[in-house]
Each structure stands twice: as C-alpha cells, then as structure tokens.
Amino acid sequence: MNRIDRCFRDLRAARGKALIPFITAGDPDLPTTRELAWAFDEAGADLLELGVPFSDPLADGTTIQRASQRALENGVTLKGVIGLVEQIRARSPIPIILMSYVNPILRMGAREFARCAGDAGVDGIIVPDLPPEEAQQLQAYCTAAQVHTIFLAAPTSTEGRLRRIAEVSQGYIYYVALKGVTGARESVQSDLEASLARLRRVTDKPIAVGFGISTAAQVSQVAALADGVIVGSAIVDRIEQRGRGPGLVEDVAAFVRALKQAMG
Amino acid sequence: MSWPFPDRAGHFGRYGGRYVPETLMAPLEDLERAYLEAQQDPAFQTELTYYLERYAGRPTPLYLARRLTEKFGGPKVYLKREDLCHTGAHKINNTLGQVLLARRMGKTRVIAETGAGQHGVATATAAALFGLECRVYMGTEDMRRQALNVFRMRLLGAEVTPVEAGSRTLKDAINEAMRDWVTHVDHTHYVLGSALGAHPFPLMVRNFQSVIGREARAQILEAEGRLPDVLLACVGGGSNAIGLFHPFIEDAGVRMIGVEAGGLGIESGKHAARFAAGEPGVLHGTLSYVLQDGDGQIQTTHSVSAGLDYPGVGPEHTYLMETGRAAYVWVTDEEALQGFRLLATLEGIIPALECAHAIAYATRVASEIGRDGILLINLSGRGDKDVDLVSEIMGEAPQQGGMGVRHGGDVIPDVGR
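About the criteria used
Residues numbered from 1 in each chain as written. Chains lettered and ligands numbered in written order. Predicted model: local features only at pLDDT ≥ 70, side-chain atom pairs only at ≥ 80, totals over all residues. Heavy atoms only, no water. Helix = DSSP H or I, 4+ residues; strand = E, 2+ residues; numbered from the N terminus. Lys, Arg positive; Asp, Glu negative; His and termini not counted. Charge placed at Lys NZ, Arg CZ, Asp CG, Glu CD. Axes fitted to C-alpha atoms, helices over the stretch in contact; angles between N-to-C directions. Parallel < 35°, antiparallel > 145°, perpendicular 65-115°, else oblique. Left-handed = near helix turned anticlockwise from the far one by under 90°. Contact = heavy atoms within 4.5 Å. Nonpolar A, V, L, I, M, F, W, Y, C, P; charged D, E, K, R; others polar. Pairing = 2+ DSSP bridges. Buried area = accessible area lost by both parts, 1.4 Å probe. Salt bridge = Lys/Arg side-chain N within 4 Å of Asp/Glu carboxyl O. Polar contact = N/O pair within 3.5 Å; in protein donor to acceptor, adjacent residues only side chain to side chain. Buried < 20%, exposed > 50% of the residue type's maximum accessible area, 1.4 Å probe, protein only. Arc of directions from axis to C-beta. Core = buried A, V, L, I, M, F, W, Y, C linked by side-chain atoms within 4.5 Å. Expected span 1.5 Å × (residues − 1). Patch = residues over 30% accessible without salt bridge, like charges linked within 9 Å, V, L, I, M, F, W, Y side chains within 5 Å. Areas by Shrake-Rupley, 256 points an atom, 1.4 Å probe, with all protein chains shown as cover. Phe/Tyr/Trp six-rings, centres within 6.5 Å; stacked < 30°, edge-to-face > 60°. Disulfide = S-S within 2.5 Å.

**Q** Just to check I follow, could you spell out the overall build of chain A for this structure?
**A** When helices and strands are tallied, chain A shows twelve helices and nine strands. When its C-alpha atoms are laid out on the principal axes, chain A stretches across 45 × 40 × 35 Å. For chain A, the separation between the mean place of its 29 positive charges and that of its 30 negative charges on side chains is 3 Å.

Given below as structure tokens:
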C-alpha cells in the first residue's frame, strides 16, 4: 500500500487530520532540506511536500519564487531532489510528495522520472501546470512505479471538472483554497466550507487544502473542514528569514509542531 | 480551408494543449466557448470588421518595394504594410478582436504582457476605445529599451507594471500576467499578444491575425495574377508570421520562412533561436520548442529586438517546422540592424527591429528566388519605438557605417525536421 494511502487511512481511523508542510528542496541547501524533513517528521508532520525549483513558477507567489531562485542558484535539479528523497528515506518513512512544474519532468523523460522517483521512495507527485487532460501518459508511468499522481481542484472548477479530478487523483485531492497564487493571506476564504462540500459530494477520497494558509488559527479552522492542511509559504518565509544561520532547523520544526498542535 | 489544426483539445500534432493550473482551466473553457460563438456570430464579425477598417485603417497596402527589388537584382519584393496600422504594428488586429470578445463576455478589466511595447500599446488602445480598465506587465529591461512605448501606454490610460523577475523581459512579463489572471479571473480577460499560451489562445490569435494573410493573398493575386514564391516574417511568439502564413498553408508552392532572433550568434548562447537550439518543452501553458537547459530550466534569451526576445514559440510554428511546411532561420542583431538601415535608406521606411530581421534575411534568400520570383515580406511594425535604441547602438552616427553585416551565424537553410 502506498504510504500516502496508509497515512490517510490511519488518520481517519484515529479521527486525525494530516498536517502537510511544503518546502522548496535545496533552500537554503539540500543537506538542510534533509535535516528539515527529518525534523518535521519528529515534529508531527504527517506528509511532506517537496518543491522542485523551476525558473518560471507561475502558480507561485513571491515567497516561493524567491525560494526557487535560491535553490536554482545552488544548482538544485530534479535529479538532485530525487537523490535527496533517497537520503531522507534512510531515516524516515514520512510520505513524500514532489511538487514540480511539468517541464523539468518532460526534460528528464516522464518514464525515466517515474522510475527514478519510485526507486528513491517518492510516494506522489503534484504537477501544478498539468491538468488531467494532459496528464495521462505521466500518470501511467507513475502508476507503474507506484507513485501517486495528485491533482488540484480549484474554486473555479466546474462540477464536471471536479468529478474528473476526483476520479483520477490518487492518494488525496489538493484543493486550492483561493483564486490566486501561493502565499500567505490575512484570512481563509469565507466560502471554503461550501466549496469543500461541493467537492465532497463527488468523492470520498481525502481532501487536503492549501494556498494562503499560514497561521495556527487558520490551520485549526481548515482542519475542521478537510482531511489535510498544506502550509507552504509561511514555512518557506521562516527559512528565508533564518537563512543558513544556527537554529534554523529547530526554529522551523517548532513552528511545524505548533501547527500540528493547532489541529487538536 | 481544410487545415484541421488545432484539434478540439487545442493540439497541433503533439504540440499546443493546455498546461495551466486548474484555476485557469474552466476560464479557458469559457473563453473557448465564447470565442467559437463569437466567430459564428455575424454581428460580432461585422463589428470587428468595422473597427479594423474605420479605426485601425485596414486593409493595409501591399507595396512593391522598387528600390529594394533593384538592390536585390530581382525577385520582386512586396511589403505587407502592417506598420501602417493604427498604433504602428499588426498587434491591433488581435487586441481589437480580444477586447471586443472580453466586452461580450462581460469582463470589465483586461491585462496584457508586452515585450517591445507594441502589444501593450495596442491593448491599451483597444481598452481605451471600449472603456475597459487595463494593466500591462512589462519587464524592466524592456521598459528601459522601449521607454517611448511605456509613455504611450500610460497616455492611453493603462497602468504599466514593471516586472523585476528573471531576465526582466517578455517571459517574465507573461509569468506576472498569468499570476494576475489567476487571481482576478472573474472579471479580467488576459489579452495574450502572441500565438502561444494555452488553448484557445494560439487558435484565437492566429485567426484574428489571419486578416494579414487573407488580404495579402488577394492583393498579390490582383497585382501579379499569381501567388508569391516565398513568404518571410519574423518570429518571436509568432503572431505576425502565423497571421501571414495561415491563409497560404494549402498553397503548396508557396514557401514559408520564419526568421528568429540570432542575437550575438548561436554559439554565443545569447540569442532567441528556438528552432536552432531549443527542445520540445512546456512554457506558459503550451507544449512547443523552448530554449532550456539539460534540467528543464528555461534559459534567458538575448535579442536587440525586445519583441523577439523570448525562449518559447507558438505551437503551430513548431508543427509547421516538424512537418516541413515552413522553415525557420535566424539572423544576428547586426544583420537585423543592417536590415533596419537598408529599408530606411532605400524605401524611406523605418521598420521595427523585429521585422528588420525578415528584411535582413531577404538579402540572403533573394538570390535563390531568381529574377522572376516574388518575395512577400510581412512588415509587421514601424520602427519609431526603436530609434532611440538604434541611435545608442550606432553611436548616434548612422552615416559612419561601422555596422558591417556579419555572416558568422550560418543559416539553417531548411530546418526540415
């Protein structure tokens, strides 16, 4: 059984919710990302999304754009991130999902990518610029490598699209909480509950919500509605502020622990 | 016209498609539906034609460039005078169409990206004409080299937003425009200026720009009683080229050549010649040829011409290249500057640096075509916007020469892959 499925099954049995931190791999550097992954696991994170840096991250706000830029300046590549997952796996069974724009995957070759990712212990992929219509081939290769393909659903998605996304998404469905790019926001969209109800009507797969969720209070609010909560920019922002300085891993892990505690 | 591309999912062979975040998928479906309806609606077509003729000045002339013809020693060289369109370039053909469509869809705000500034000016113009709010994204490097167009856009009531990211050129402006669109998609239409991006943009932009080729085809038949031997157009994203080429696609005897920006030469790495040095990849919502590194990161480009300074290219051009229906070549910055001056001194027309690339390539291809041949070049825009930049490059001494044509960059005669 895929680690993602097992994770959500166990959480459901325990009536728990998944905390899913996102960080950009290689920011500030790959060894630190490895340390962060291990520390997040210990701090109570249930799954981990690792961003693969890309030169033109058009779904991302400024925080993750800058993180991508820093990682690229460090020479981080898709292959390097897959190698990192292998290292993380040596000490942690946390489900790992790579979030990559499609072009680096195509450049590596979809088949080769799926094989390497599966071998390294990657459990799932999210490709924000690859809707189901264009994803069939990549998903077939990933399925063969026992890597889940997680699709995004959005506030603009029609009912027909929600059905299709729910049908093809594996592991969970990533619900984009707002119209816009990634990044912290003042408050959670007031219609989130109704939007999630709309999605629930077409699926019983786990739903994780991301985009714009940055504080413990927001995590608590969203955890009441969804099966998982994704926090990215707020964590990446902390990494940026601390840089490579001492105490980075402890500080960021403490933040993740506080978010997990907020889920109750 | 039996050309069956794009298919219903927006593909040209394996190219094109829709590679965008889910948030944009339903809006793109809505846009496609609205566009296809408008295309079938005589009232929409009548209104668009009215504005193209009475406001933008269509049809544009097809002009026999007599002294250029003499200089080349034949073939006859015809220029499709898109530089005479209102706002000074072909871009208005598309922005009038898209802004009318945006209004029809009930959108109150339009956004656009711009490189050379011509598309930004054309969008700001159409937005002013129909009373829509307008914001244009432009890289700061392009704002520097096309300062005049920045001022024009602001005069027209548009807000120009500087983009500091990446290479601070067209690519980065498109990223930022897409981020705006995903955030304000309810009331905003993204007026994409080139035949690229996610479906239906390559289809829609091509069709709005095909007025160029339809007119040119009728005009050359009237003037010469036959079709031209060669069509030449510069290719950045490729909207002026596809607009000229498309109505000739079924005319097998007409060669079509797109001219890319060779910058400082391919070997220098500072260029925007996607077909010479790119690989298939996804950029800005479409699968096409892209300049990228071995890890799939998009490369920065260089061209003296801001409008050609882009690492991707419209997917239909890639399909035309792969099937061999069109060939793609490149010329260097220096050659383009030579073409710029050649047209100014021989014909009294200062071309935009973009289409100066096509003029430059004409000097090479003319001898192949022969005295009885006909060469038709799309003069996609006028060069007023480039005069400051060119005077800077030429040391404000155009009479001094010192700009010898460099043939260092070999032409790829027929990419024919």
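**Q** Would you mind going over the packing of helix H2 (residues 42-55) of chain B against helix H4 (residues 91-104) of chain B with me for this structure?
**A** In a pair of packed helices, the angle between the axes and the distance between the axes together describe the arrangement. Residue and element names in this part refer to chain B. Running from N to C, H2 and H4 cross one another at 140°; their axes reach a closest spacing of 10 Å. Considering the angle they form, H2 stands oblique to H4. Considering how the two elements wind past one another, H2 and H4 form a crossing that is right-handed. Contacts from Phe44, Glu47, Leu48, Tyr51, Leu52 and Tyr55 of H2 reach H4 at Asn93, Leu96, Gly97, Leu100, Leu101, Arg103 and Arg104. Each residue belonging to the contact of H2 with H4 can be placed in one class, and the counts come to eight nonpolar, two polar and three charged.

**Q** It is not clear to me how the sheet that holds strand E4 (residues 76-81) of chain B should be interpreted in this structure. Could you clarify?
**A** Strand pairing in a sheet is mediated by backbone hydrogen bonds. Such pairs are either parallel or antiparallel. Residue and element names in this part refer to chain B. Within the open sheet, the six strands sit side by side as E3-E4-E14-E9-E10-E13. Their pairing is mixed. Whereas interior strands pair on both sides, the edge strands pair on one side only; in this sheet they are strand E3 (62-64) and strand E13 (326-331). For this sheet, the mean angle separating the axes of adjacent strands, direction not counted, is 25°. Strand direction decides the pairing type here: strand E9 (residues 230-234) and strand E14 (residues 374-379), joined by three bridges, are parallel. Each residue of the ladder has a partner; that of Leu231, found in E14, is Leu376.

**Q** Looking at this structure, I do not really get the interface of chain B and chain A. What am I missing?
**A** Note: interface size is frequently given as the accessible area lost on complex formation between the parts. At the junction of the two partners, chain B supplies 34 residues and chain A supplies 35 residues. Among the residues of chain B in contact with chain A, Glu22, Arg179 and Gln297 of chain B are the three that bury the most area, contributing 25% of the side total. Counting across the chain B and chain A interface gives four salt bridges. Between Lys171 of chain B and Asp56 of chain A there is a salt bridge, and its shortest N-O distance comes to 2.7 Å. Applying the counting criterion to the chain B and chain A interface returns 20 residue pairs in polar contact (both at pLDDT 80 or more). Of all elements in the fold, only helix H1 (22-40), helix H8 (170-183) and strand E11 (279-283) of chain B reach the threshold of two or more residues within the side of chain B that touches chain A. Considering every element that reaches the side of chain B that touches chain A, the biggest residue donor is H8 of chain B, with seven residues. The class makeup of the residues in the side of chain B that touches chain A is 13 nonpolar, eleven polar and ten charged.

**Q** For this particular structure, what's the right way to read helix H9 (residues 192-200) of chain A?
**A** Spacing of three or four residues puts side chains on the same side of an α-helix, whose turn is 3.6 residues. All names here are of chain A. The set of residues buried in H9 consists of Leu192, Ser195, Leu196 and Leu199. Looking straight down H9, one finds its buried side chains confined to an arc of 95°; they lie on one side. Pointing more than 90 degrees away from the buried face of H9 are the exposed residues Glu193 and Ala194. Elements in contact with the buried residues of H9: strand E6 (152-153), helix H8 (159-168), strand E7 (173-176), strand E8 (207-210) and helix H10 (216-223).

**Q** How should the pattern of salt bridges be read in this particular structure?
**A** Residues and elements named next belong to chain B. Evaluated as defined, the whole model comprises 49 salt bridges over all chains. Across the pair Glu47 and Arg103 runs a salt bridge, and its minimum N-O distance is 2.7 Å. One end of the pair, Glu47, is in helix H2; the other, Arg103, is in helix H4, and 56 residues separate them in sequence. Note that Glu176 and Arg179 form a salt bridge whose closest N and O atoms lie 2.7 Å from each other. Of this pair, Glu176 and Arg179 are both found in helix H8, three residues apart, which corresponds to roughly one turn of the helix. For Glu176, a relative accessible area of 23% corresponds to the partly exposed category.

**Q** So what exactly am I meant to see when it comes to the nonpolar core here?
**A** Burial of nonpolar side chains together is a common tendency in soluble globular proteins. Core analysis: the biggest nonpolar cluster contains 110 residues, and Leu50, Leu98, Phe113 and Val209 of chain A together with Phe245 of chain B have the highest contact counts within it. Among the elements that line this core, the one with the most residues is helix H12 (residues 248-262) of chain A, at seven residues. Not counting chain neighbours up to four residues away, the residues in contact with Leu98 of chain A comprise Leu50, Leu78, Val81, Ile82, Val85, Phe113, Val122, Gly124, Ile125 and Ile126 of chain A. Counting 65 residues, the second-largest nonpolar core is a separate cluster that includes Ala38, Ala56, Val160 and Phe201 of chain B.

**Q** Looking at this model, I keep getting lost on helix H14 (residues 333-347) of chain B. Mind explaining?
**A** Its 15 residues give H14 of chain B an end-to-end C-alpha distance of 21 Å, which sits within 8% of 21 Å, the value for a rise of 1.5 Å per residue. Those residues of H14 of chain B that fall on the buried side of the exposure criterion are Asp333, Glu335, Ala336, Leu337, Gly339, Phe340, Leu342, Leu343, Leu346 and Glu347 of chain B.

**Q** Sorry if this is basic, but what is going on with the side chain of Arg274 of chain B here?
**A** Residue and element names in this part refer to chain B. Mapped onto the fold, Arg274 is located in helix H12 (residues 274-277). Judged by its relative accessible area of 0%, Arg274 falls in the buried class. Only 2.8 Å separates the side chain of Arg274 from the backbone oxygen of Ala272, close enough to count as a polar contact. Non-local contacts of Arg274, meaning those with residues more than four positions away in its chain, are made with Val235, Gly236, Glu260, Tyr289, Leu291, Tyr310, Pro311, Gly312 and Val313.

**Q** Help me out: how do you make sense of a nonpolar patch on the surface in this one?
**A** Taken together, the side chains of Phe151, Leu155 and Leu156 of chain B define a hydrophobic patch exposed on the protein surface, amounting to about 320 Å² of accessible area. By relative accessible area, Leu155 of chain B is classed as exposed at 63%.

**Q** Looking at this structure, how should I read the packing of aromatic side chains?
**A** Centre distance and the angle of the planes are the two values used to describe a pair of aromatic rings. Residue and element names in this part refer to chain B. Applying the stated rule across the entire model yields 15 aromatic pairs over all chains. Between Phe5 and Tyr319 the ring centres are 4.5 Å apart and the planes differ by 50°, which places this aromatic pair in the tilted class. In this pair, Phe5 is assigned in the segment before strand E1 (11-12) and Tyr319 in helix H13 (residues 315-322), connecting sequence segments 314 residues apart. By way of ring pairs, the aromatic residues Tyr15, Phe275, Tyr289 and Tyr328 are connected into one cluster.

**Q** So what exactly am I meant to see when it comes to the sheet that holds strand E8 (residues 188-190) of chain B here?
**A** All names here are of chain B. Strand order in the open sheet formed by four strands is E7-E6-E5-E8, and the pairing between neighbours is parallel. Strands at the two margins of the open sheet, each flanked by one partner only, are strand E7 (159-163) and E8. If you compare each strand with its neighbour and ignore which way they point, the axes differ by 25° on average. Each of strand E5 (109-114), strand E6 (133-139), E7 and E8 touches H8; the most contacted strand, E5, lies at about 160° to it.

**Q** Would you explain the packing of helix H2 (residues 30-43) of chain A against H12 of chain A in this entry?
**A** All names here are of chain A. Taken N-terminus to C-terminus, the directions of H2 and H12 make an angle of 35°; their axes are 9 Å apart at the nearest point. Along this stretch, H2 crosses H12, giving a crossing that reads as right-handed. Residue-level contacts link Thr32, Glu35, Leu36, Ala39, Phe40, Glu42 and Ala43 of H2 to Leu248, Val249, Val252, Ala253, Val256, Arg257 and Lys260 of H12. A breakdown of the residues in the contact of H2 with H12 according to their chemical character gives nine nonpolar, one polar and four charged.

**Q** I keep staring at the state of the cysteines and nothing clicks. Help me out?
**A** Residue and element names in this part refer to chain B. Taken as a whole and judged by the stated rule, the model has zero disulfides over all chains. For Cys85, which is in no disulfide, the shortest distance to another cysteine sulfur is to Cys355 and amounts to 12 Å. Cysteine Cys355 remains unbridged, with the sulfur of Cys234 as its closest cysteine sulfur at 5.7 Å.

Distances and angles like these do not, on their own, reveal function.
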